[in-house]
Amino acid sequence: MPKLEIDLSHSLIDALQAERRLTGETVEHIVSRALADSLQVEHATLFQVSTAGALVEGVSGEIISIKSLKEHGDFGLGTFAGFDGEMAVLDGHFYQIRGDGTIGEAADDIKVPFAVVTHFVPQAPFDLEPFSSLSDLEDQLDRHRSSDNRFYAVRIDGTFQSIKTRAVCKQPVGESLSDAADAQAMFDFTDVTGTMMGFWTPPYAKTMNVAGWHIHFLSDDRTKGGHLLDCAARGGAAGIETLSDFRVAIPETAAFLKADLGGDPTAALDKAERDPG
Ligand SMILES: [Zn+2]
């Protein structure tokens, strides 16, 4: 990330430190927020394309280009047309993790059916205690959320003793997420250094994204990754950002316009997105 070094008056520094003590936010976050407000740039905004409920109904065709997504975020997750793998977005790079285990950077003109991105600036970084499972990790992350009813982004960097991921495999467009999950590939990695990128979606938004934590993983050497099913580590460096705006790009494709999105996708998402054991 680019760095900014400037001279500030004592009164501004004092006010900045007072705000930092009051909110617990980092100076970077406070300054980024103020600059974004003043320059009318998106900040703490979650930008999402389509909905998880639409994926469940098989709306998995081409909707938005990677180039367009890059305007709205440098961090996030998603999937590719026809469920051709998992998307991991890190430091402005959009990676495609395919069911055959290969990982590559997606070209700008590739169009995808579902993605969730943000310009990530952690508010108050913290160190994780050791954790032995994904639910263990989620319990720790939960302690850094002040509400069930807001959206949050989380980034975790570290060396993980074990990581279990999956990557969906390419399906004919129109097949549902459940069909894709039935054909998913699962991967077990040990002692791998990398980054987790994820989001907390409030229960009331359960048709938008997987309710609760939804996390993807990518190794530092960009050879291992996927949708996170389980993990263990002796610690890690975490950062959470509270997202105060939620923008949804509603697809205009015939498949989306005609899909029946009135149902509750929770059961199908649970089956597709949690560890089958
Ligand atoms: Zn996922």
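As the structure is a computational prediction, the values presented were derived from the model and not from experiment.

1. Things to note about the coordination of the zinc ion
(1) Moving on: Every protein donor of the zinc ion is listed here as His214 (NE2), His216 (NE2) and His227 (ND1), and their distances to the metal cover 2.0 to 2.1 Å.
(2) Moving on: If you list the donors of the zinc ion from N- to C-terminus, the spacing comes out as H-x1-H-x10-H. Linking His216 in strand E12 (residues 212–219) with His227 in strand E13 (residues 225–232), this pair joins segments that are 11 residues apart in sequence.
(3) Moving on: Using a relative accessible area of 1% as the deciding quantity, one classes His216 as buried.

2. Details of the packing of helix H1 (residues 10–23) against helix H2 (residues 27–39)
(1) Moving on: In contact at an axis separation of 10 Å, H1 and H2 are set at 110 degrees when each is read in the N-to-C sense. When the interaxial angle is binned, H1 and H2 end up roughly perpendicular. Here H1 and H2 pass one another in a crossing that is right-handed. Two secondary-structure elements touch here, H1 through Leu16, Glu19, Arg20 and Thr23 and H2 through Val27, Ile30, Val31 and Arg33.
(2) Moving on: Partitioned by chemical class, the residues of the contact of H1 with H2 number four nonpolar, one polar and three charged.

3. Some details on the domain arrangement of the chain
(1) Moving on: What the domain assignment lists for the chain is domain 1 (10–39) and domain 2 (45–273).
(2) Moving on: One C-alpha centre belongs to domain 1, the other to domain 2; they are set 30 Å apart.
(3) Moving on: Across the contact, six residues belong to domain 1 and six residues belong to domain 2.
(4) Moving on: Here domain 1 and domain 2 share zero salt bridges between them.
(5) Moving on: There are three residue pairs in polar contact (both at pLDDT 80 or more) connecting domain 1 and domain 2.
(6) Moving on: In terms of residue class, the side of domain 1 that touches domain 2 is made up of no nonpolar, four polar and two charged.

4. Examining the packing of aromatic side chains
(1) Moving on: Per the stated rule, a full pass over the model turns up six aromatic pairs.
(2) Moving on: With a centroid separation of 6.3 Å and an interplanar angle of 70 degrees, the aromatic rings of Phe75 and Phe199 are classed as edge-to-face. Of the two residues, Phe75 sits in strand E3 (residues 75–79) while Phe199 sits in strand E11 (residues 185–201), which places them 124 residues apart along the sequence.
(3) Moving on: Since its relative accessible area comes to 2%, Phe75 is described here as buried.
(4) Moving on: Consider the rings of Phe160 and Phe217, whose centres lie 5.7 Å apart with planes at 90 degrees: the pair is edge-to-face. With a gap of 57 residues between them, Phe160 in strand E10 (residues 151–167) and Phe217 in strand E12 connect regions that are remote in the sequence. The residues Phe160 and Phe217 share a single accessibility class, namely buried.
(5) Moving on: The structure contains a cluster of three or more aromatic residues connected by ring pairs, namely Phe75, Phe120 and Phe199.
(6) Moving on: The residue whose ring lies beneath Arg145 is Trp200, and the NZ or CZ to ring-centre distance is 3.4 Å.

5. Considering the pattern of salt bridges
(1) Moving on: The final tally for this structure, using the stated rule, is 15 salt bridges.
(2) Moving on: Here Asp148 ties to Arg145 by a salt bridge, and the two come within 2.9 Å at their closest N and O atoms.
(3) Moving on: When the shortest N-O distance is used, the salt bridge between Asp275 and Lys164 registers 3.0 Å. Residue Asp275 is found in the segment after helix H8 (266–273), and its partner Lys164 is found in strand E10; the two are separated by 111 residues along the sequence.
(4) Moving on: A cluster of three or more residues bridged by salt bridges with shared partners is formed by Glu19, Glu25 and Arg33.

Rules behind the numbers
- Residues numbered from 1 in each chain as written.
- Predicted model: local features only at pLDDT ≥ 70, side-chain atom pairs only at ≥ 80, totals over all residues.
- Heavy atoms only, no water.
- Donors = N, O, S within 2.8 Å, 3.2 Å for Na, K, Ca; no water.
- Helix = DSSP H or I, 4+ residues; strand = E, 2+ residues; numbered from the N terminus.
- Buried < 20%, exposed > 50% of the residue type's maximum accessible area, 1.4 Å probe, protein only.
- Axes fitted to C-alpha atoms, helices over the stretch in contact; angles between N-to-C directions.
- Parallel < 35°, antiparallel > 145°, perpendicular 65-115°, else oblique.
- Left-handed = near helix turned anticlockwise from the far one by under 90°.
- Contact = heavy atoms within 4.5 Å.
- Nonpolar A, V, L, I, M, F, W, Y, C, P; charged D, E, K, R; others polar.
- Domains from an automatic or database assignment.
- Salt bridge = Lys/Arg side-chain N within 4 Å of Asp/Glu carboxyl O.
- Polar contact = N/O pair within 3.5 Å; in protein donor to acceptor, adjacent residues only side chain to side chain.
- Phe/Tyr/Trp six-rings, centres within 6.5 Å; stacked < 30°, edge-to-face > 60°.
- Lys NZ or Arg CZ within 6 Å of the ring centre and 35° of its normal.

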